[in-house]
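Remarks on the overall topology
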Amino acid sequence: MPLKKISLFMIGKIAKLMSLIIAVSIISFLLIKHSPIDPIQSYIGADMSRVGPEQREKLEEYWGLNEPLTTQFFSWAQSIFHGDFGTSLLYRSPVINVIADRFLASLALMGMAWIFSGLFGFVLGVVAGLKRGKMIDRIIKGYCFLLSSTPTFWVGLLLLIIFSVWLGWFPVGLSTPVGILTTEVSLLDRIHHLLLPAITLSIIGVANVALHTREKLIDVYNSEYIRFAKASGEKGFILFWRHGLRNISLPAITLQFTSFGELFGGAVLAEQVFSYPGLGQAIVQAGLGGDVPLFLGVVLFSVLFVFIGNTIADLLYQWVDPRLRKGEIR
Amino acid sequence: MNRELVITRKKWSLRKQTLALILLSVIILFIMVTSGFFVDAKKLDVHLENRNIAPSLSNLFGTDWLGRDMLARTLKGLTLSFSVGILAAFSSTVIAVFLSFLASLNQLLDRMVTWCIDLFLSLPHIVTLLLIAFAFGGGMKAVVIGLALTHWPSLTRVLRAELLQIKNTPYIQISRSLGKSSWWIAIHHYLPLLAPQIIVGFILMFPHAILHEATITFLGFGLSPEEPAIGIILSESMKYLSTGMWWLAFFPGLSLLVMISIFDLLGQNVRKFVSPYQFKSWQV
């Protein structure tokens, strides 16, 4: 693989990321400026009545609220560029620490759901594709179409009712048991609390991969080489294993990587339903509590997250497929 | 005689089936939406003596912790969701049509529009919605603006691709050399050609808009708690789930699901109806 091509690819990607981040920060900056939230009031909180107009003016001057918008934006962008996202008003600690902390919890949740939904969706898609037109295909297709109209949080609520309230198998919320020090929480406890939200996310995430895989498999089975393989006597599982699987697995994996945005959105909801302390819950709390620094931090972080997913998908498409690598198809 | 009998007994053609499905979904949706207007206002009042009743014949969906009838609240909520959805989907469609026409004007504008699409797709949809709803301070206005501003990218992409093909066809070229303005061509040539796509895109945008309205309301950024939106009902129900009042969440969510999937069905069938050839290629 030529080194020049790789470096060109990377430079292009980084330039794209930079332009996206800049655009998103300008837009979100303007939107936040437009919002009815008063920065001084949200910073001081309940003690607002004790702040007189003079003190207020001093604060405004100190923070540069009277400066023109562009100056404000550049001073904010400059500190972001240096890695300073400000201090979260709700958690009273640097935003970057809160995000790092929360992201680890979310990563466990999203990672689990990502793998579950990918595998399960792929299997469903393969079954539907192999049995196309039959009863089972119709059921799977119907299930997938139904899923696309199902609110994620409703699925979460149903699972909560069934497994936590009625059966009592799972805890009602939080990432760790209540009343135990964080250091004493075992891995098993964590998984126990993680499972239900992860299942919620996986149930919803299945549809896309399953439908896509089904289409691909049908395409593959209509091809010349499958006809040839069939003519030379291959059939059933061997036929699928030798000729079907390889051709449909890469598109499915790529699709999974491009679904990072939906995964993140689903995590916001699942975390809210199960009060799981992840990044999604953080952005909701930040939004409701007027914690602008944290809110903007999570917004920018989510851009990065989605971008990484898309870049991996691009890379897979470009270089993992041996045919694309050799430049046989463009 | 015998032959005629065979023909009349034959199954309906695909076109007839599709038309029947479209009609059926329109009727069901109409009933669902209008029944919200006929709900007895008394049922929404607080009746503390009837609170926490499980679903029964007199209260099909049960009652909540204040004795309000859940069926009445759900129907009101569906009507509200529908009106928010129609406003948002309509504005989004207008934006999509406008941007795709803009993109067809010249290379630079095309680049800009594609860049905007990329930009909106680079953020998780919910995060964009939260951002806009946050900036406009919540409430009905914020929800509608947020939904309208975030649902156009996919339709714009479809319309833009379609226009790229049409743009270079001979009759458009002739029309241009006859001195017709871009605006005239857009109204007289592009719009009629794109009409099916636009209508289908509009209907299929609906379920998304309604779903996202419920989502953002559920998260607390959307409609205010006094309004009987499905999202509000569901987020309120969370406090009472651990006491075993499952009907508070089950029926409203299910009704929303039914409404959204019927819309989806309607969109799919309208698409099948207006472009049968395209449909045939991806159906088995």
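Calculation criteria
- Residues numbered from 1 in each chain as written.
- Chains lettered and ligands numbered in written order.
- Predicted model: local features only at pLDDT ≥ 70, side-chain atom pairs only at ≥ 80, totals over all residues.
- Heavy atoms only, no water.
- Helix = DSSP H or I, 4+ residues; strand = E, 2+ residues; numbered from the N terminus.
- Buried < 20%, exposed > 50% of the residue type's maximum accessible area, 1.4 Å probe, protein only.
- Contact = heavy atoms within 4.5 Å.
- Areas by Shrake-Rupley, 256 points an atom, 1.4 Å probe, with all protein chains shown as cover.
- pLDDT = per-residue confidence, 0-100.
- Buried area = accessible area lost by both parts, 1.4 Å probe.
- Salt bridge = Lys/Arg side-chain N within 4 Å of Asp/Glu carboxyl O.
- Polar contact = N/O pair within 3.5 Å; in protein donor to acceptor, adjacent residues only side chain to side chain.
- Nonpolar A, V, L, I, M, F, W, Y, C, P; charged D, E, K, R; others polar.
- Core = buried A, V, L, I, M, F, W, Y, C linked by side-chain atoms within 4.5 Å.
- Domains from an automatic or database assignment.
- Axes fitted to C-alpha atoms, helices over the stretch in contact; angles between N-to-C directions.
- Parallel < 35°, antiparallel > 145°, perpendicular 65-115°, else oblique.
- Left-handed = near helix turned anticlockwise from the far one by under 90°.
- Phe/Tyr/Trp six-rings, centres within 6.5 Å; stacked < 30°, edge-to-face > 60°.
- Lys NZ or Arg CZ within 6 Å of the ring centre and 35° of its normal.

Describing the overall build of chain B
- Assigned secondary structure in chain B consists of 12 helices and 0 strands.
- In sequence order, the secondary structure elements of chain B are arranged as α-α-α-α-α-α-α-α-α-α-α-α.
- Taking all 284 residues of chain B together, 48% fall into the buried category.
- Taking all contacts inside chain B whose residues are at least 6 apart in sequence as the whole, residues at least 24 apart take part in 70%.
- Only carbon and sulfur atoms are counted for the fraction: they give 67% of the accessible area of chain B, which is about 14300 Å².

Re the overall build of chain A
- Broken down by element type, chain A carries 14 helices and 0 strands.
- The 330 residues of chain A split such that 43% are buried.
- On chain A, roughly 17700 Å² of surface is accessible, and the fraction owed to carbon and sulfur atoms is 66%.

What about the confidence of the model for chain A?
- The predicted model of chain A averages 80 in pLDDT, with 84% of residues at 70 or higher.
- Considering each helix and strand of chain A separately, the mean pLDDT is smallest for helix H14 (residues 322–325) of chain A, with a value of 64, and largest for helix H5 (residues 95–130) of chain A, with 89.

Quick word on the interface of chain B and chain A
- With 42 residues of chain B at the interface, the matching set in chain A holds 49 residues.
- Approximately 3900 Å² of surface area, both sides summed, lies buried where chain B meets chain A, with 83% of it carried by carbon and sulfur atoms.
- Counting the contacts that link chain B with chain A gives 1 salt bridge.
- Between B:Asp118 and A:Lys16 there is a salt bridge, and its shortest N-O distance comes to 3.8 Å.
- Applying the counting rule to chain B against chain A returns 2 residue pairs in polar contact (both at pLDDT 80 or more).
- For the side of chain B that touches chain A, the secondary-structure elements that each account for two or more residues are helix H4 (107–121), helix H5 (125–135), helix H9 (182–218), helix H10 (230–237) and helix H11 (247–274) of chain B.
- Examining the composition of the side of chain B that touches chain A, we find that 10 residues originate from one element, H11(B), more than from any other.
- Looking at the side of chain B that touches chain A residue by residue, the class counts come to 30 nonpolar, 10 polar and 2 charged.

Some words on the nonpolar core
- If you look at the biggest cluster of nonpolar residues, it comprises 126 residues, and the most contacted ones within it are A:Ile283, A:Phe295 and B:Leu219.
- The biggest single contributor to this core is H9(B), with 16 residues.
- Excluding anything up to four places from it in sequence, A:Ile283 contacts A:Val268, A:Phe295, A:Val298, A:Val299, B:Val127, B:Leu130 and B:Phe221.
- Counting 14 residues, the second largest nonpolar core, distinct from the first, contains A:Leu217, A:Tyr221, A:Leu239 and A:Ile248.

Focus on the pattern of salt bridges
- Under the defined criterion, the tally for this structure stands at 8 salt bridges over all chains.
- With a closest N to O distance of 3.8 Å, A:Arg227 and A:Glu224 form a salt bridge. Of this pair, A:Arg227 and A:Glu224 both sit in helix H9 (residues 224–231), separated by 3 residues, roughly a single helical turn. Each member of the pair, A:Arg227 together with A:Glu224, is exposed.
- B:Arg160 is paired through a salt bridge with B:Asp110; the nearest N and O atoms lie 2.6 Å apart. Here B:Arg160 is found in helix H7 (residues 152–167), whereas its partner B:Asp110 is found in helix H4, with 50 residues between them in sequence. Each of the two residues, B:Arg160 as well as B:Asp110, counts as buried.

Looking at the side chain of A:Lys13
Residues and elements named next belong to chain A.
- Tracing the backbone through its elements, the reader meets lysine 13 in helix H1 (residues 3–34).
- At 2.7 Å, the side chain of lysine 13 forms a polar contact with the side chain of aspartate 314.
- Discounting residues that sit within four places of it in the chain, lysine 13 has contacts with Phe307, Thr311 and Asp314.

Some words on the domain arrangement of chain A
Residue and element names in this part refer to chain A.
- Per the domain assignment, the segments making up chain A are domain 1 (3–81) and domain 2 (101–325).
- Contacts between domain 1 and domain 2 engage 16 residues on the former and 14 residues on the latter.
- Taking both sides of the interface into account, the surface hidden between domain 1 and domain 2 amounts to around 1400 Å²; carbon and sulfur atoms contribute 87%.
- Summed over the three residues of domain 1 that lose the most area to domain 2, namely Phe9, Lys13 and Ile32, the buried surface amounts to 33% of that side.
- One can count 1 salt bridge joining domain 1 with domain 2.
- With its nearest N and O atoms 2.7 Å apart, the salt bridge here joins lysine 13 to aspartate 314.
- Of all the elements in the fold, those that place two or more residues in the side of domain 1 that touches domain 2 are H1 and helix H4 (69–81).

Focus on the packing of H9(B) against H10(B)
Residue and element names in this part refer to chain B.
- For the pair H9 and H10, the least separation of the axes is 7 Å and the interaxial angle reads 40 degrees. Relative to H10, the element H9 lies oblique. Crossing hand, H9 versus H10: right-handed. Contacts between H9 and H10 involve Ala214, Thr217 and Phe218 on the former and, on the latter, Gly231, Ile232, Leu234 and Ser235.
- The class makeup of the residues in the contact of H9 with H10 is 4 nonpolar, 3 polar and no charged.

Looking at unusual backbone geometry
All names here are of chain A.
- Phi angles above zero are rare outside glycine, and serine 275 is one such case at about 35 degrees.
- Along the chain, serine 275 falls in the loop between helix H11 (260–273) and helix H12 (279–289).
- The partly exposed category is assigned to serine 275, whose relative accessible area is 27%.

So, the packing of aromatic side chains
- Summed over the entire model, instances satisfying the criterion amount to 19 aromatic pairs over all chains.
- Centre to centre, the rings of A:Phe103 and A:Phe301 are 4.8 Å apart; their planes meet at 70 degrees, and the pair counts as edge-to-face. Highlighted residues: A:Phe103 in helix H5 and A:Phe301 in helix H13 (residues 292–320), separated in sequence by 198 residues.
- For A:Phe103, a relative accessible area of 17% gives the class buried.
- Members of the aromatic cluster, connected to one another through ring pairs, are A:Phe103, A:Trp114, A:Phe257, A:Phe260, A:Phe264, A:Phe301 and A:Phe305.
- In this structure, B:Arg15 is placed above the aromatic ring of B:Phe273, and the distance from its NZ or CZ to the ring centre is 4.3 Å.

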